[in-house]
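Per-entry structural report
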Amino acid sequence: MSTYIGRRILQLVPTLLGISVIVFVLINLTPGDPAVLMLGEFATPSEVERLRGLMGLDDPLHVRYFRWIGGIVTGDWGQSYQDRRLVLPALVSRMPATMELVIASMLISAGIGTIVGVLSAVYQDTWLDNVVRAGSFLGISMPNFWVGIMLILLLALHLRLLPASGRNGLANLVMPAIALGTSGMAVITRITRSTMLEVIRMDYIRTARAKGLYERTVIYKHALKPALTSVLTVIGLQLGFRLGGSVIIETVFAWPGLGRFAYLRMMQRDYPMIMGNLLIFAGLFCLVNLIVDLLYAVVDPRVRYS
Amino acid sequence: MEQSGDFQMQDGAAGLDTSGPTFGERFLRRLRKNRLAGIASVFVFLVAIMAIVAPFITPYSPTDQNLLRRLEPPSDEHWLGTDQLGRDILTRIAYGARVSLMIGLLGATGGMLCGVTLGTLSGFFGGTFDHLVMRVIDVMMSFPGILLAILIVSVLGPGTSNLIVALTIWFIPTFARISRGNVLSLKEMDFVESARSLGASNSRIMVQHVLLNIMSPIIVYMTLSVATSILTAAGMGFLGLGVQPPTAEWGIMISQGRQYLRDAPHLIMMPGAAIFITVLSINVVGDALRDVLDPKLKT
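Residues numbered from 1 in each chain as written. Chains lettered and ligands numbered in written order. Predicted model: local features only at pLDDT ≥ 70, side-chain atom pairs only at ≥ 80, totals over all residues. Heavy atoms only, no water.

Okay, the overall build of chain A next. Across its full length, chain A holds twelve helices and zero strands. If one aligns the C-alpha atoms of chain A with their principal axes, the spans along those axes are about 85 × 55 × 30 Å. Counting the 306 residues in chain A, one finds 51% classified as buried. If you take every contact in chain A between residues at least 6 apart in sequence, the share linking residues at least 24 apart comes to 72%. (Helix = DSSP H or I, 4+ residues; strand = E, 2+ residues; numbered from the N terminus. Buried < 20%, exposed > 50% of the residue type's maximum accessible area, 1.4 Å probe, protein only. Contact = heavy atoms within 4.5 Å.)

A separate point is the packing of helix α1 (residues 2-29) of chain A against helix α4 (residues 61-74) of chain A. Residue and element names in this part refer to chain A. Where α1 meets α4, the axes come as close as 11 Å, and the angle between the chain directions of the two elements is 125 degrees. Taken together, the axes of α1 and α4 lie oblique to each other. Once α1 is placed against α4, the crossing between them reads as right-handed. In this structure, α1 uses Leu17, Ser20, Val21, Phe24, Val25 and Asn28 to contact α4, whose residues at the interface are Leu61, Arg64, Tyr65, Trp68 and Ile69. The residue inventory of the contact of α1 with α4, partitioned by class, reads eight nonpolar, two polar and one charged. (Axes fitted to C-alpha atoms, helices over the stretch in contact; angles between N-to-C directions. Parallel < 35°, antiparallel > 145°, perpendicular 65-115°, else oblique. Left-handed = near helix turned anticlockwise from the far one by under 90°. Nonpolar A, V, L, I, M, F, W, Y, C, P; charged D, E, K, R; others polar.)

Turning our attention to the interface of chain A and chain B. Facing the 42 residues of chain A at the interface are 38 residues of chain B. Taken over both partners, the interface formed by chain A and chain B buries close to 3,700 Å², and the fraction arising from carbon and sulfur atoms is 80%. Together, Phe137, Phe145 and Trp146 of chain A form the three largest contributors to the area buried by chain A at its contact with chain B, with a combined 15%. There are one salt bridge connecting chain A and chain B. Residue assignment for the side of chain A that touches chain B shows that the elements contributing at least two residues are α1, α6 (127-141), α7 (144-158), α8 (170-199), α10 (215-252), α11 (258-267) and α12 (271-299) of chain A. Residue composition of the side of chain A that touches chain B, grouped by class: 30 nonpolar, nine polar and three charged. (Buried area = accessible area lost by both parts, 1.4 Å probe. Salt bridge = Lys/Arg side-chain N within 4 Å of Asp/Glu carboxyl O.)

Put simply, chain A has an average pLDDT of 89, and 98% of its residues get 70 or more. Mean pLDDT across the elements of chain A bottoms out in helix α2 (residues 34-39) of chain A (81) and peaks in α7 of chain A (96). (pLDDT = per-residue confidence, 0-100.)

What follows concerns the packing of helix α5 (residues 87-122) of chain A against α10 of chain A. Residues and elements named next belong to chain A. For the pair α5 and α10, the least separation of the axes is 8 Å and the interaxial angle reads 145 degrees. Crossing of α5 over α10 shows right-handed handedness. The residue makeup of the contact of α5 with α10, split by class, is 16 nonpolar, five polar and two charged.

This paragraph deals with the layout of surface pockets. Residue and element names in this part refer to chain A. Taken as a whole, the second largest pocket spans an internal volume of roughly 700 Å³. In terms of lining residues, the second largest pocket is bounded by 28 residues, among which Met55, Leu57, Trp68, Tyr81 and Pro272 are the most central. Elements with a contribution of two residues or more to the lining of the second largest pocket: α1, α2, α3 (45-55), α4 and α12. Partitioned by chemical class, the residues of the lining of the second largest pocket number 15 nonpolar, seven polar and six charged. (1 Å grid on protein atoms, 1.4 Å probe; cavity = no way out; pocket = protein on both sides within 12 Å on 5 of 7 lines; lining within 4 Å. Points joined across faces, edges and corners; volume = space filled by probe spheres on them.)

With that settled, consider the pattern of salt bridges. When their charged atoms lie close together, side chains carrying opposite charge are able to pair. Scanning the model with the defined rule gives 19 salt bridges over all chains in all. The salt bridge partner of Arg265 of chain A is Asp83 of chain A, with a shortest N-O separation of 3.0 Å. With Arg265 of chain A in helix α11 and Asp83 of chain A in the loop between α4 and α5, this pair connects stretches of sequence that are 182 residues apart. On the basis of relative accessibility, which here comes to 35%, the residue Asp83 of chain A falls in the partly exposed class. With its nearest N and O atoms 3.0 Å apart, the salt bridge here joins Asp287 of chain B to Arg190 of chain A.

With that out of the way, let us pick up the packing of aromatic side chains. Taken as a whole, this structure holds ten aromatic pairs over all chains when the rule is applied. Judged by centre distance (5.5 Å) and plane angle (70 degrees), the rings of Phe24 of chain A and Tyr65 of chain A are edge-to-face. Of this pair, Phe24 of chain A sits in helix α1 while Tyr65 of chain A is found in helix α4, placing the two residues 41 residues apart along the sequence. The same class applies to Phe24 of chain A and to Tyr65 of chain A, which are both buried. Centre to centre, the rings of Phe124 of chain B and Phe125 of chain B are 5.3 Å apart; their planes meet at 85 degrees, and the pair counts as edge-to-face. (Phe/Tyr/Trp six-rings, centres within 6.5 Å; stacked < 30°, edge-to-face > 60°.)

Residue and element names in this part refer to chain B. Here Gly115 lies in helix α5 (residues 89-125). Since its relative accessible area comes to 0%, Gly115 is described here as buried. Distance from Gly115 to Leu167, taken between C-alpha atoms, is 12 Å for residues 52 residues apart in sequence. Sequence-distant contacts of Gly115, that is, excluding residues within four places in its chain, are made with Ile172, Phe175, Ala176 and Ser179.

Residue and element names in this part refer to chain A. Domain annotation for chain A reports domain 1 (2-74) and domain 2 (92-299). Each of domain 1 and domain 2 was reduced to a C-alpha centroid, and the two centroids are 33 Å apart. Contacts between domain 1 and domain 2 engage 19 residues on the former and twelve residues on the latter. Across the domain 1/domain 2 interface, buried area totals approximately 1,500 Å², and carbon plus sulfur atoms make up 83% of it. In terms of surface lost to domain 2, no three residues of domain 1 exceed Arg8, Ile27 and Leu37, which account for 31% of the buried area on that side. (Domains from an automatic or database assignment.)

Residues and elements named next belong to chain A. Its location among the elements puts Ser165 in the loop between α7 and α8. Judged by its relative accessible area of 40%, Ser165 falls in the partly exposed class. What Ser165 contacts, discounting residues up to four positions off in sequence, is Asn172, Phe253 and Ala254.

So, on to unusual backbone geometry. Here the amide bond leading from Pro245 of chain B into Pro246 of chain B is cis, since omega sits at 10 degrees, within 30 degrees of zero. Mapping Pro246 of chain B onto the fold places it in the loop between α11 (215-239) and α12 (250-257). With phi around 55 degrees, Arg269 of chain A is a residue other than glycine that occupies positive phi space. Mapped onto the fold, Arg269 of chain A is located in the loop between α11 and α12. When its relative accessible area of 30% is taken as the criterion, Arg269 of chain A is described as partly exposed. We note that Leu71 of chain B has phi near 55 degrees; this positive angle belongs to a residue other than glycine. With respect to the secondary-structure elements, Leu71 of chain B resides in the loop between α4 (54-57) and α5.

So, on to the environment of Pro144 of chain B. All names here are of chain B. Positionally, Pro144 belongs in the loop between α6 (127-141) and α7 (145-156). Relative accessible area serves as the criterion here: at 1%, Pro144 is assigned to the buried category. Sequence separation between Pro144 and Gly126 is 18 residues, and the spatial gap between their C-alpha atoms is 27 Å.

Pasting the structure below:
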């Protein structure tokens, strides 16, 4: 198992390097001179030229890439073009907020989605199943930022139950987590339902029933565990999508996380911050996929790693 | 007609009876059985019509301002009310449908064309090319799609065409993966081997025997991609990275209406409902389409 984990971590390296190349090349293709961005539009050409030299902007692209990626490896992620802040501490300080939001939204998505999906499959073609199927269609079709604004309108402005924005405690987390988790919940519900329907038609489930086991034992002990393997894949993918979705939801709720920070810095063309931010998102995405892979063995003992 | 032939060929490849109902007949039968899918198809059709005849739906312009009539609630004169600049919301939603459908269709089509081409070539020829393409695809897929889109738009600059490019790039990996996987299993089948032994060229085998037989999952994913594109375009418009004002676009309408959430919630509700109903309808139709074309994927 530890060999497998080690190999998988090693496999992340070329992927992350590939991502770093894409991010670096795309950002450096962007029109506009970073030296001008730092000095402002009133800087003289000689001042711009001097700063370009200091920043190494006259070097070829591949030289700049290796310098940047070398800095990433050694912990020197560069400085902001806007406020000269160090990139790594600025990003690390915003990570907890994003992780809190993404994990809360996934707990809602995976928790409710799995339970509702199982119930929908168990009570197939009843009113409950129809309501769940309709609900999951609605969930995947609503823009998450619109759900967020509607929640603000209802729960913050009309009912005054929750704060509309910011991050000052658990109450602030409720609406952004629901807004971010709605579509994921719908997807997880659909996958859980379809996987459970497949599993509960299998012979060993029929055998378990024929042995006189309680229906609850059959469903939760014998059917749900194998079904969870497929559900886990979707949960992992959804966790990655939530990271991307955090850009919009954090903007709607003024949530001080990486997503909103990435958006604000993109608006300001703060390239070192953007590149670092995107690398962190990609790293988290890869890490989540790795954890999901490892969890397969936990939910399904047939999966063995070598 | 041509399409029905393709699917008959697929059946023929598996050695089944080819005299069954065509794809169109099966889809219509499905719509008759699934009333929800029938209603959704009508909605998709109505949104498309609304987009086409937008200038004739109301007497108002989507951009002309009337500050004396700003933030009006729905009335006989303005069915869905007016916005913060006195513009008719129904008119802007109708024009917004044009933009959203165009972005949705072009983004998904671009992704489909590039992705299927790459995936088919990669799966068919294999070797170094396949390895290289798949590694690039792996890298692209290990990056949240919306972030990739935001990155591309921030590099190219906001605007409709750049948004379409971003969506195209976003969808390429999935289309490539789907088509490559199907090509890998198809190219080993007897009918492809027979075509090869009869002297058919690689390009002929790829287009006539392989490509046409992998269209079912592609069409299904294409439908879902249109819905995703519309949602993403709205999200990008909301962030100010998509279509630019004063063009009427649903995401921009929501973004601009946010400041008036307390006093005029219809500014948010109406365009949001337009996105929701359109995407819901496309998803329901896509679901019915999948049940006909690719029942293995049924959820």
